[in-house]
Amino acid sequence: MRAPLSWIKEFVEIPKNVTPEQISDALIRVGFEVEEIIVQGADLTGPLVFGKVLSIEEITEFKKPIRYVGLDCGEKETRYVICGATNFVVGDLIVAALPGAVLPGNFAIGARETYGKTSNGMICSAKELGLGEDHSGIMTFQEGTVNIGDDAIEGLMINDIIFDVAVNPDRGYALSIRGIAREVAAALDLPFTDPVDALRTLTFAETGKGVSAKIADPSTASVFYLRTLSNFDPRATTPIWMRRRIEKMGMRSISLVVDITNYVMLELGQPLHAFDKSKIKGGLTIKRAGKAQPFTTLDGQVRQLDPDDLMVCDDAQPLALAGTMGGAHSEISATTTDIALEAVRFDPVCVAKNSRRHKLSSEASRRLERSVDPSLAQYASARFVQLLTENSSAQHVATVVDGQPRFAPAVKLDPTYVSRTLGFDISASTIAQVLRTVGCDVNEKTFEVDPPSWRSDLLTAADLTEEVARMVGYDKIPSILPPRPLHASLTSTQKRRRAIAQMLASRGLAEVQTFPFTNQETIDSMGFLGERASTYRIANPMSEEFPLMRVHLVPGLIEVAQRNISRGAKDFAIFEMGSIFRSSQKLVPFISPDLSKRPSKKIIDEIFASVPPQAFHVAGLLVGKTENEDWQGKARAYSWQDAIGFAQDILQLCNLQWTVKRSDFAPWHPGRCAELIVDGKAVAHAGELHPRIVAQYGLPERSVAFAVGLSALPDTERVRPTTVGTMPAALQDVALIVDESVSAAQVEAALRSGAGDLLESITLFDRYDKLGDGKISLAFSLVFRAADRTLTGTEVTHMRESAVAAAAKETGAILRTA
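Residues numbered from 1 in each chain as written. Predicted model: local features only at pLDDT ≥ 70, side-chain atom pairs only at ≥ 80, totals over all residues. Heavy atoms only, no water.

By the naming in an unreviewed UniProt entry, the protein chain is Phenylalanine--tRNA ligase beta subunit, taken from freshwater metagenome. The UniProt entry for the protein chain carries this comment under Sequence similarities (unreviewed entry): "Belongs to the phenylalanyl-tRNA synthetase beta subunit family. Type 1 subfamily." Comment text from UniProt for the protein chain, heading Cofactor (unreviewed entry), reads "Mg(2+)". (UniProt positions renumbered as here; feature names shortened; annotations may be inferred.)

Spelled out as structure tokens, the structure:
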């Protein structure tokens, strides 16, 4: 957004001692970024005058067009210059740089011989004068717009300061001289004159019937002003002062009607669009396109409309892409005499969708999608009528209005909230004064704040607090570190999974990732039955060979092992962590909410409820040898003890207590599978794979696997600190004879229950099964320790005997004496 200082000064009383740098600093201080301060005319010196073309002599003996032009520069004699441009004719008014002038780039002008002629000056283009990038031809003016011989530097208002300001998306009001001037006045505490104030009482006589205006859907636009004018002379030209202001803002002059629409948009911030009334059939309606159809915009591009595009239509066809660009059919032309001017406060989202859908960002869409002042449709259209009737023969016919402006609601503000949020005390009166500076109406008794019409973004107390901070100065906010650093962290579940993966990897297992897909043949071959075999069929599978979601991790690991063995691998251990899918609930049709707004809590809950549970498991497969034969000993293959050990290590890492019992769980070998139970629920299985599966997939004999359902594990603390005993421990060994049907875990539990609170640990260190008669011997080491004293022999003996007695009572154990 470019803003000439000369235009800003029309609305702000800026003292002469205030420098452009101070204005720039003030804008930066209140949240704007001034990208550049352009000093126009600083490198240009005269004499530079307006002249009239009297004669043109074409010099044809050169490859490029050369003209020898006679000029009337308000002197006694005709001045002749050489010119290569061809965009002017006899009678046109031009800008001539006379000998002694210095143009931008330190280009000195003098009389010189060229192309066999004496060129006594130079006819200038806008680029040569540093007024723009247009170098396609020289600047031309129509009769009556400038005076021959006048100083062109003054006449073109070349000497000016232009601020190039980057405007944030939430400050659309600043995409106008009105908005930038208000910010300059507020930042420097200077008087501001709102240009809209002079338009509030502006009225026009009704001389006929105007074009009708209608908003079909109130959600797409709030207010629609349509002003009809007639008797316009298309030969009317844009006054030089308006043309130059438009050019300083980075736009080019096109025609009087188009220039006034652009001028009002740049001045007030409300985009306007002028239609040739003779091309309109019936009235104008703002509505959706309704169907896909071709539409030619003003830039000559044929665009394919989307049925959801917001359009301005007459009774026969779409005439403009609402808020974005007009159509070629109804554009203002050199024969237009009757005009229909549209001024609408469109819904910003609708305009943004139009712009992005067609990859068409215009000056109008940039403003409307950032939201414009709802009251400006009335005043900007009135300003257009005022300027057009003053500078042409046009007459106002009628004004038709549909809808009404919708403004932001008042906000209740607690002054103490502002101080708490900003971190320093600021009085209620200061808050009220600052908010009034930005345009708010403040009731200091109730502290109800009514935001200005141009600030539709001020909706909450936080928004108003930000305005206070911006105007008071961000440098006033104290720099205080927060009490503790706030940062993202892993959840306890994520930490547990990461710790398990790191533990398995550190123990030599390689992690693999497989696709979560399977087929019915694999499920049947693994021996899964009932709920463990029930899964979901994929609607659009990656491969018809695997149309089902997996029900277990071990089959995928077996297939990975089979593939690696076929490629020469022999001894390895692998694991995988991932979800399994079992058909535990009936699927419902997918829920596709409206994405134009946030779904309600009910819909969000329904979406999550429609997703079936996906248990998260970790599984491992141990294949071949864990130790190779060498001088230290013979080779050792992975065994069921290794698989059970890994499963137990996972539970131990999670600080859980478990019991072990035999199981015939598929796909493990019946009788060689252990089931680990936590809180009465089976959470893990480990042991040898079924010989049938080992043979089917070509695995080494007695390959082993483990699987732990991580989702089934209760939450626990990852770290459980233990104390280091300072008193000596008492070690007691007991050997017990039990039936071979009694497990070691049952005997251990009985010993623990009888040993008392001073039992520190118990360990099975021997199992002897050669006694016969179905009996076995289990030997345990019991460690006793008191925290505050050394245990006596009598105390230790009593606790040992109590433990043995409990084992005898619960398991039928007999103390072995030999």
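**Student:** Could you clarify how one ought to interpret the overall build of the protein chain in this entry?
**Tutor:** Of the regular secondary structure elements, the protein chain holds 20 helices and 42 strands. Relative to the 2.2 N^0.38 estimate, which gives 28 Å for 818 residues, the radius of gyration of the protein chain is 44 Å and therefore markedly larger than a compact globule would have. In terms of its C-alpha atoms, the protein chain occupies a principal-axis envelope of roughly 140 × 65 × 60 Å. Scored against the burial criterion, the 818 residues of the protein chain give a buried share of 47%. (Helix = DSSP H or I, 4+ residues; strand = E, 2+ residues; numbered from the N terminus. Rg over C-alpha atoms; globule rule 2.2 N^0.38 Å. Buried < 20%, exposed > 50% of the residue type's maximum accessible area, 1.4 Å probe, protein only.)

**Student:** So what exactly am I meant to see when it comes to the sheet that holds strand β27 (residues 448-450) here?
**Tutor:** Note: strands within a sheet are paired through backbone hydrogen bonds, in either parallel or antiparallel orientation. In spatial order, the strands read β25-β27-β26; together these three strands make up an open sheet with antiparallel pairing. The open sheet terminates on both sides in strands that have one partner only, identified here as β25 (411-412) and β26 (441-443). Pairing of β25 with β27, which is carried by two bridges, proceeds in the antiparallel orientation. When the sheet's bridge partners are listed, Val411 is paired in β27 with Val449. (Pairing = 2+ DSSP bridges.)

**Student:** Can you walk me through the layout of surface pockets in this structure?
**Tutor:** In this approach a probe as big as a water molecule rolls over the atoms, and the regions it shows empty are the leftover space. A volume near 1,600 Å³ is recorded for the largest pocket. Along the wall of the largest pocket there are 36 residues; nearest its centre are Gln648, Val660, Ser743, Ala744 and Ala745. If you list the elements that add at least two residues to the lining of the largest pocket, you get α17 (640-653), β35 (659-663), β36 (668-678), β37 (681-689), α19 (744-755), β40 (759-772) and β41 (775-784). For the lining of the largest pocket, the element with the highest residue contribution is α19, accounting for six residues. Across the lining of the largest pocket, the residue classes break down as 17 nonpolar, 11 polar and eight charged. Each of two domains, domain 5 (490-710) and domain 6 (728-813), supplies a minimum of three residues to the lining of the largest pocket. The volume enclosed by the second largest pocket comes to roughly 1,100 Å³. Lining of the second largest pocket is provided by 40 residues; of these, Asp134, Arg243, Glu247, Arg252 and Ser253 occupy positions nearest its centre. Counting only elements with at least two residues in the lining of the second largest pocket, the list comes to β2 (33-40), β12 (140-141), α5 (240-248) and α6 (256-268). Considering every element that reaches the lining of the second largest pocket, the biggest residue donor is α5, with three residues. (1 Å grid on protein atoms, 1.4 Å probe; cavity = no way out; pocket = protein on both sides within 12 Å on 5 of 7 lines; lining within 4 Å. Points joined across faces, edges and corners; volume = space filled by probe spheres on them. Nonpolar A, V, L, I, M, F, W, Y, C, P; charged D, E, K, R; others polar. Domains from an automatic or database assignment.)

**Student:** Sorry, what's going on with the UniProt feature "domain: B5" (unreviewed entry) in the protein chain here?
**Tutor:** Summarizing the sequence annotation, UniProt attributes the feature "domain: B5" (unreviewed entry) to residues 406-479 in the numbering used throughout. Annotation note: span residues 406-479, helix share 41%, strand share 11%, distance between end C-alpha atoms 40 Å.

**Student:** Sorry if this is basic, but what is going on with the nonpolar core here?
**Tutor:** Generally speaking, nonpolar side chains in soluble globular proteins are found buried as a group. Phe384, Leu388 and Leu435 are the most contacted members of the largest nonpolar core, which has 82 residues in total. Once you skip the residues sitting within four places of it in the chain, Leu435 turns out to touch Leu413, Cys440, Val442, Val449, Leu464, Glu467 and Val468. Membership of the second largest hydrophobic core comes to 31 residues, among which are Phe575, Ile650, Cys654 and Val678. (Core = buried A, V, L, I, M, F, W, Y, C linked by side-chain atoms within 4.5 Å. Contact = heavy atoms within 4.5 Å.)

**Student:** Is there a simple way to explain the packing of helix α10 (residues 415-422) against helix α12 (residues 461-472) in this structure?
**Tutor:** At a minimum axis separation of 10 Å, α10 and α12 run at an interaxial angle of 65°. Along this stretch, α10 crosses α12, giving a crossing that reads as right-handed. Facing α10, whose interface residues are Tyr417, Val418, Thr421 and Leu422, α12 presents Ala461, Ala462, Thr465, Val468 and Ala469. When its residues are assigned to classes, the contact of α10 with α12 shows seven nonpolar, two polar and no charged. (Axes fitted to C-alpha atoms, helices over the stretch in contact; angles between N-to-C directions. Left-handed = near helix turned anticlockwise from the far one by under 90°.)

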